[in-house]
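These are the residues of each chain, in order.
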Protein chains: 2
Amino acid sequence: MRKLDKVDLQLIKILSQNSRLTYRELAEMLGTTRQRIARRMEKLKKLGIIRKFTVLPDLEKLGYMYAVVLIKLKPMATVDDIINDIAGIEYVKIIEKGIGKYNLLVHMLVPKDLSEAEGRVNEFLSHIKDIENVEVVFISKVPKFEII
Amino acid sequence: MRKLDKVDLQLIKILSQNSRLTYRELAEMLGTTRQRIARRMEKLKKLGIIRKFTVLPDLEKLGYMYAVVLIKLKPMATVDDIINDIAGIEYVKIIEKGIGKYNLLVHMLVPKDLSEAEGRVNEFLSHIKDIENVEVVFISKVPKFEII
């Protein structure tokens, strides 16, 4: 299997702006053939470089917002066990393992209503043991959301 | 224009798992017609409820990682001006305006190499005035990334 090249990166960049383009449209944009695009797409999916084709909705218009929970765990805590525990929770959307002041960053999908949101955050935090420090930031606006 | 209903939400949920499904496939999954799906999709785009169809790549396999910059601005700072200043920077991918200990959460795309990454973060921070407090968290792993 060939390595990644410049065209693969261009393809990912174009798809990040519109993942519903057809192979034919992608081929035209990149000056190649439908068949070659199909082959590249297969490769990118097989290598796990493309994890998913998805949609970016306007959360606010759907009645939701993100609450970002920043967690510093105690030194004895096993981060990966905690990640396994919370990964299955439906409203836990993004889990990032970090190096720095916090070692776990969690985006939760919560109702726009602040008191309901707080209730859900508290419920979530009750699941996590060995927290040394935690901060909760409610996201009021997402002016930019690109993936790559 | 009709309001959002349950089928719209189901449609968004399905697209969030695979945004390349055809109208025909979506119609089959939702037990409706191709035409009705087309009409709903138009509505969701027109209302801005669907902002974008995109792709989730494995950043690590592409040689990148996120650096998350958590910023508390000084009380006199004008958050929206700062957002306008940084929104156009190519490597600034996600900007979230928050309420809590930090009022700006920025996901930057940086090289996996930590010293290069630090250089880029410092360069970024030099653009922002009126910082009261800042923390940088380098993301070593993204075990879950769902949008909704």
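Now for a look at the structure at hand. This structure is a prediction, so every number in the text was calculated from the model and none was measured. (Residues numbered from 1 in each chain as written. Chains lettered and ligands numbered in written order. Predicted model: local features only at pLDDT ≥ 70, side-chain atom pairs only at ≥ 80, totals over all residues. Heavy atoms only, no water.)

### A word on the relation of the copies chain A and chain B
Keep this limit in mind: When the copies are overlaid, the least-squares fit takes in C-alpha atoms only where the residue has pLDDT of at least 70 in both copies. Any two residues whose heavy atoms approach within 4.5 Å are treated as being in contact.
Screw-axis analysis of chain A against chain B gives a translation of 0.0 Å along the axis, an RMSD of 0.0 Å, and a rotation angle of 180°. As the rotation angle and translation indicate, the two copies are arranged about a two-fold axis. Mapped onto chain B, 100% of the interface residues of chain A are again interface residues, and the two copies thus contact each other with one and the same surface.

### Focus on unusual backbone geometry
All names here are of chain A. Defined as follows: Only DSSP runs of H or I covering at least 4 residues are called helices, and only runs of E covering at least 2 are called strands; the numbering of each starts at the N terminus. For the exposure calls, accessible area comes from a 1.4 Å probe over protein chains only, and a residue counts as buried if that area is under 20% of its type's maximum, exposed if over 50%, partly exposed in between.
At Asp130, a residue that is not glycine, the phi angle is positive and equals roughly 60°. Here Asp130 shows up in the loop between helix H5 (114–126) and strand S5 (131–145). Judged by its relative accessible area of 30%, Asp130 is partly exposed.

### Notes on the pattern of salt bridges
Residues and elements named next belong to chain A. Stated formally: Whenever a carboxyl oxygen of Asp or Glu lies within 4 Å of a side-chain nitrogen of Lys or Arg, that contact is scored as a salt bridge.
Taken as a whole and judged by the stated rule, the model has 20 salt bridges over all chains. The partner of Arg40 in a salt bridge is Asp8, with the nearest N and O atoms 2.8 Å apart. Note that Arg40 is positioned in helix H3 (residues 34–46) and Asp8 in helix H1 (residues 6–17), a separation of 32 residues in sequence. In this structure Arg40 comes out as buried when scored by relative accessible area, which is 12%. In this structure, Lys45 and Glu42 form a salt bridge, with 3.8 Å as the shortest nitrogen-oxygen distance. In this pair, Lys45 and Glu42 both sit in helix H3, 3 residues apart, roughly one turn of the helix. Classification of Lys45 by relative accessible area gives partly exposed; the value is 37%. The exposure class of Glu42 is partly exposed, given its relative accessible area of 42%. Bridged by salt links that share partners, the residues Asp5, Asp8, Arg40 and Lys43 form one connected network.

### A short note on H1 of chain A
Just so we agree on the cut-off: Expected helix span is taken as 1.5 Å per residue step, with the number of steps being one fewer than the number of residues. We define a polar contact as two N or O atoms separated by no more than 3.5 Å, with the added condition that, inside protein, one atom must be a possible hydrogen donor and the other a possible acceptor, whereas residues neighbouring each other in sequence contribute only through side-chain atom pairs.
Under the 1.5 Å per step criterion, the end-to-end length of H1 of chain A is 17 Å for 12 residues, consistent within 8% with the ideal 16 Å. Taken as a whole, H1 of chain A has its buried residues at Asp8, Leu11, Ile12, Ile14, Leu15 and Ser16 of chain A. Residues of H1 of chain A that are buried in the fold lie against helix H2 (23–30), H3 and strand S1 (50–57) of chain A together with strand S1 (50–57) of chain B. At the N-terminal boundary of H1 of chain A, the capping side chain belongs to Asp5 of chain A, with an oxygen 3.1 Å from the backbone nitrogen of Val7 of chain A.

### Brief notes about the nonpolar core
What counts, and what does not: Among buried residues, the Ala, Val, Leu, Ile, Met, Phe, Trp, Tyr and Cys ones that are joined through side-chain atoms within 4.5 Å form a nonpolar core.
With 64 residues, the main nonpolar core has Leu26 and Phe145 of chain A together with Leu26 of chain B as its most contacted residues. Beyond its immediate sequence surroundings of up to four residues, Phe145 of chain A is in contact with Leu56 and Tyr66 of chain A together with Lys52, Lys93, Ile94, Phe145 and Ile147 of chain B.

### Re the sheet that holds strand S3 (residues 92–99) of chain B
Basically, it comes down to this: Strand pairing is assigned whenever DSSP identifies at least 2 bridges connecting the two strands. Axis definition: a line fitted to C-alpha atoms, limited for helices to the stretch in contact. Angles are taken between N-to-C directions and run from 0 to 180 degrees.
Strand order around the closed barrel formed by 8 strands is S2(A)-S4(A)-S3(A)-S5(B)-S2(B)-S4(B)-S3(B)-S5(A), with antiparallel pairing between neighbours. With direction set aside, neighbouring strand axes in the sheet form an average angle of 35°. Pairing between strand S3 (residues 92–99) of chain A and strand S4 (residues 104–111) of chain A: 5 bridges, direction antiparallel. Paired with Val92 of chain A across the bridge in S4 of chain A is Met108 of chain A. Together, strand S2 (64–73), S3 and S4 of chain A together with strand S5 (131–145) of chain B form the strand contacts of helix H4 (residues 79–87) of chain A, whose direction differs from that of S3 of chain A by roughly 170°. Its contacts with the sheet place helix H4 (residues 79–87) of chain B against S5 of chain A together with strand S2 (64–73), S3 and strand S4 (104–111) of chain B, and it is angled at close to 170° to S3 of chain B.

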